[in-house]
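As a plain string of letters, each chain reads:
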Amino acid sequence: MGKYLVNLKINNIPVSVEEGTTILDAAKNLNFKIPTLCYHSDLSIAGNCRVCVVEVKGQRVLSAACATPVSEGMDVFTNSEKVRASRKNVVELLLSEHNADCTKCYKNGNCELQEMTSEYSVGNHIYLDLVKDKDKILDISSPSIVKDDSKCIRCQRCVRTCEELQAVSALAVVNKGDHQKISTFLNKPMHEVVCTNCGQCVNRCPTGALVEKNYIDEVWNAIYDPDKFVVVQTAPAVRAALGEGLGVELGQRVTGKMVAALKKLGFNKVLDTDFTADLTIMEEGTELLTRLKKALVDKESVALPMFTSCSPGWIKFVEHIFPEYLANLSTCKSPQQMFGALAKTYYADKINIKPEKMVSVSVMPCTAKKYECDRPEMRSSGYKDVDYVITTRELARMIKQAGIEFNKLESERYDSILGESTGAAVIFGATGGVMEAALRTAYEIVTGREVPFTNLDIKPVRGMEGIKEAAIKIKDTVPAWSFLEGVELKIAIASGLANAKKLVEAIRDGKATYHFVEIMACPGGCIGGGGQPIPTSAEIRKKRIEAIYEEDTNMTLRKSHDNPEVQEVYKEFLGSPLGHKSHDLLHTHYKPRKRY
Amino acid sequence: MTKIKHLIQNFSLQKFKKGGQKMSNVENLVKELVKIHGKNRNSLMPVLQGVVKEEKYLSEDAMMAIAKELDLSTADVYGTASFYTFLDTVPRGKNIIRVCKTITCHMKGKDELIKALEDALKIKVGETTHDKQFTLLTANCLGWCHKGPVMLINDEIYPETSPQAALEIIEKYQTSTKK
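Treat the numbers as computed from the prediction; the structure is a model and nothing was measured. (Residues numbered from 1 in each chain as written. Chains lettered and ligands numbered in written order. Predicted model: local features only at pLDDT ≥ 70, side-chain atom pairs only at ≥ 80, totals over all residues. Heavy atoms only, no water.)

Another point: helix H10 (residues 335-350) of chain A. Residue and element names in this part refer to chain A. Roughly 50 degrees is the biggest bend found in H10, and it falls at Ala343. The element H10 is extensively covered by neighbouring structure, given that 14 of its 16 residues are classed as buried. Asn352 sits one or two positions beyond H10 and adopts a positive phi of about 65 degrees. (Bend = angle between axes of the 7 residues up to and from the residue. Helix = DSSP H or I, 4+ residues; strand = E, 2+ residues; numbered from the N terminus. Buried < 20%, exposed > 50% of the residue type's maximum accessible area, 1.4 Å probe, protein only.)

What follows is the structure, encoded as structure tokens:
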């Protein structure tokens, strides 16, 4: 049944929209921009900030455009005298409770409240500054996220993000009236609570109240230190989004320019996390097949389905919420940490640098990676395997600091070794990508043939849906894997922890059975990560995903096991997947954490 | 209907007390309350109230137990509890005295009333006596403006309370507690 069309006028221009559309969306159709703060396209409607107020003819009070559905014959004014005066007042009131020390703020220049201030609140403030009177906490305890209550305007985007997208609810609204604030359980420090460090709240905070903990100065110090040899790795999803903050059109891949910029910044070697993504596939693919063999042939009890373990937000989520499923996690470290472990062992040896002189930096779309590199499990080289993690946003800032004109850079290539990669690795950045990469390799190991999909594109695992599932029938196996003959490999993919929770609960309750499950903590996968450029929306994430698959299509090598450098590392150093060295450097186990 | 619910609740809690379990075992208390009120989110309020009724406040352990039983996050439980003045999240005495601080009671002498209570109990507003018998708090309008100043002790309202009358009233609570 089609929806009814509602006719109304906005600023005297007639428009027809579907029943249930909000005034905000109807105005968008006519290209009238109504300012918003608490509204976010990924979240439910809150309607608490009041900056989107509009005048509806015949109504005494103004209406919040984000929370008011259109009705027949409505006459809306988005920019009347009353509306503008009211918005100015709202912004002034928000400012009276906001630490507006903008020049010292990390979000200076990229702050929605600041932008609104320049639009609406020019001149002297008319309300008393109340910031001093609040009991506000600056929480720097987390290695990933800094929370500064003095900058919070209580729009509650973070609370809705944590609950609706991530099903974590580490943050909640506490107290009431002028004491209301966004808080953890009993005001505990962020590093003590169930926070997964995913940084989705950071992506959506309209002010500087939630930002990533930045390590820009530490990285500059390492670069300037003549005694240090600084290597940098870049995650797959970074290349699909870095340009957004540097004047490049949304959805354009900037791999070559990024490499050039990193070299200009002074990193000694520019290497690729994609290399260890390929390595991950070798290890994780083998691990999956080994588990299946144990289950089907040896009849051992082995934890299935196997869950991917690349996403550190997901890892911490399992530790807190589903500790009984820790054994189901692949023992593979994430590509970042595999890289770190190899850099200070195999690579340091190969290029003749003492590991203690090496500083290992990684550029990630992710705030949880900052936490991950601090984990005690991640020191298998004998040193801290990855020293500093900076996000896509921090790299963009460093490039600006260095005065590099990013758009004019000529593309350059990654250094070798640990710089070569395949199309299978770059798609790690999108939801479904790890699964697709694993299937391209595992299917070939088992059958000796390529996966039966046109151009290697495993379309059923692609797309933005929160939960996807597929099944692949294994036929005509090579003798070593004949026990898999005729087996239907069942797989599932989830992105966003709320979806992950649903999927794990379905598995737990016996409503679904799978062999292999890919989980990425952030909506859309790493391209939607907590360290990616702000803003984010479904549309932006879609564009980034398209860029990722475009990169894959354009690669000469598209399967992880074809990566010549991966083959070389196995020959020279690691031996074989799941071998003794791999076990020491590339695999780990996690421990349960308190949920409450 | 509400009344019946309360009766059931009280009955069940008494039974629970007789079961030999100590009431300090807040986890069992929460489990018992969840049995009565159900496991859905709607039961958060009555469970919080039930715990406060028995324990006088919501301890960290209590909130963690509630979160676990109702499958909510602890921050969520704390957020709800902190919204309501009558759901305390810090330890309180056996008897909670709340003096109305709103304008009518103010004009009818709530300051003198508070002063008398502070002197008698040797505590300031917001504090609890050393023997954990009394906590002295102020409250927003209790709806007794025509008979101010008023104070509330636990669930009992005391209208038109002079400083002298207040002392006699708390005396009564003191003796009843000692028995």
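From this point on, the discussion continues.
For the structure shown, the criterion picks out 51 salt bridges over all chains. Between Glu412(A) and Lys263(A) there is a salt bridge, with the nearest N and O atoms lying 4.0 Å from each other. Pair noted here: Glu412(A) is in the loop between helix H12 (392-401) and helix H13 (423-426) and Lys263(A) is in helix H7 (residues 255-265), with a separation of 149 residues, a long-range link. For Lys263(A), a relative accessible area of 27% gives the class partly exposed. Residue Glu32(B) is joined to Lys35(B) by a salt bridge in which the shortest nitrogen-to-oxygen separation is 4.0 Å. Of this pair, Glu32(B) and Lys35(B) both sit in helix H2 (residues 26-37), 3 residues apart, roughly one helical turn. Where salt bridges share partners, they join Glu436(A), Arg440(A), Asp457(A), Arg462(A), Asp552(A) and Arg558(A) into one cluster. (Salt bridge = Lys/Arg side-chain N within 4 Å of Asp/Glu carboxyl O.)

This brings us to the side chain of Thr477(A). Residue and element names in this part refer to chain A. You can see Thr477 is positioned in the loop between strand E16 (467-473) and strand E17 (488-495). Given a relative accessible area of 16%, Thr477 falls into the buried group. With sequence-adjacent residues up to four places away left out, Thr477 is seen in contact with Val446, Thr447, Ser482, Leu484 and Glu485. (Contact = heavy atoms within 4.5 Å.)

Take the sheet that holds strand E18 (residues 516-520) of chain A next. Residue and element names in this part refer to chain A. Strand order in this open sheet of 4 strands is E13-E18-E17-E16, and the pairing throughout is mixed. Across the chains shown, the open sheet's two edge strands, defined by having one partner strand only, are strand E13 (306-307) and E16. Pairing of E17 with E18 involves 5 bridges; the strand directions are parallel. The residue bridging Ala492 from the neighbouring strand is Val517, located in E18. (Pairing = 2+ DSSP bridges.)

Geometrically, the link from Ser416(A) to Ile417(A) is a cis peptide bond, its omega value of 0 degrees lying close to zero. Topologically, Ile417(A) is positioned in the loop between H12 and H13. Each neighbour pair has its own omega, and for Gly148(B) with Pro149(B) the value is -5 degrees, a cis peptide bond. The topology assignment puts Pro149(B) in the loop between strand E2 (134-139) and strand E3 (151-153). Its identity is not glycine, yet Leu186(A) carries a phi of approximately 55 degrees, on the positive side. Overall, the relative accessible area of 26% leaves Leu186(A) in the partly exposed class. One non-glycine residue, Asp71(B), adopts positive backbone phi at about 55 degrees. You can see Asp71(B) is positioned in the loop between helix H4 (60-70) and helix H5 (74-83). You can call Asp71(B) partly exposed: its relative accessible area is 42%.

With respect to the secondary-structure elements, Gly109(A) resides in the loop between helix H2 (81-96) and helix H3 (112-120). Here the alpha-carbon distance between Gly109(A) and Arg157(A), two residues 48 residues apart in the chain, equals 20 Å.

Residue and element names in this part refer to chain B. Their axes nearest at 9 Å, the elements H2 and H4 cross at an angle of 40 degrees. Classified by the angle their axes make, H2 and H4 are oblique. Of the two possible hands of crossing, H2 and H4 adopt the one that is right-handed. Along its contact with H2, which presents Val26, Glu27, Val30, Lys31 and Val34, the element H4 presents Asp61, Ala62, Ala65, Ile66, Glu69 and Leu70. Here the contact of H2 with H4 is composed, by residue class, of 7 nonpolar, no polar and 4 charged. (Axes fitted to C-alpha atoms, helices over the stretch in contact; angles between N-to-C directions. Parallel < 35°, antiparallel > 145°, perpendicular 65-115°, else oblique. Left-handed = near helix turned anticlockwise from the far one by under 90°. Nonpolar A, V, L, I, M, F, W, Y, C, P; charged D, E, K, R; others polar.)

This next bit is on the packing of aromatic side chains. Within the structure shown, the criterion is met by 12 aromatic pairs over all chains. Relative to Tyr78(B), the ring of Phe185(A) lies with its centre 6.3 Å away and its plane at 80 degrees, an arrangement referred to as edge-to-face. In this pair, Phe185(A) is assigned in the loop between strand E9 (181-183) and helix H5 (200-204) and Tyr78(B) in helix H5, connecting two distinct chains. By the ring-pair criterion, three or more aromatic residues cluster together here, those being Phe307(A), Trp314(A), Phe317(A), Phe322(A) and Tyr325(A). When the ring centre of Tyr106(A) is taken as reference, the NZ or CZ atom of Arg397(A) above it lies at 4.1 Å. In this structure, Arg98(B) packs its charged tip against the face of Phe86(B), placed 3.9 Å from the ring centre. (Phe/Tyr/Trp six-rings, centres within 6.5 Å; stacked < 30°, edge-to-face > 60°. Lys NZ or Arg CZ within 6 Å of the ring centre and 35° of its normal.)

Shape is all these values report; function is a separate question.
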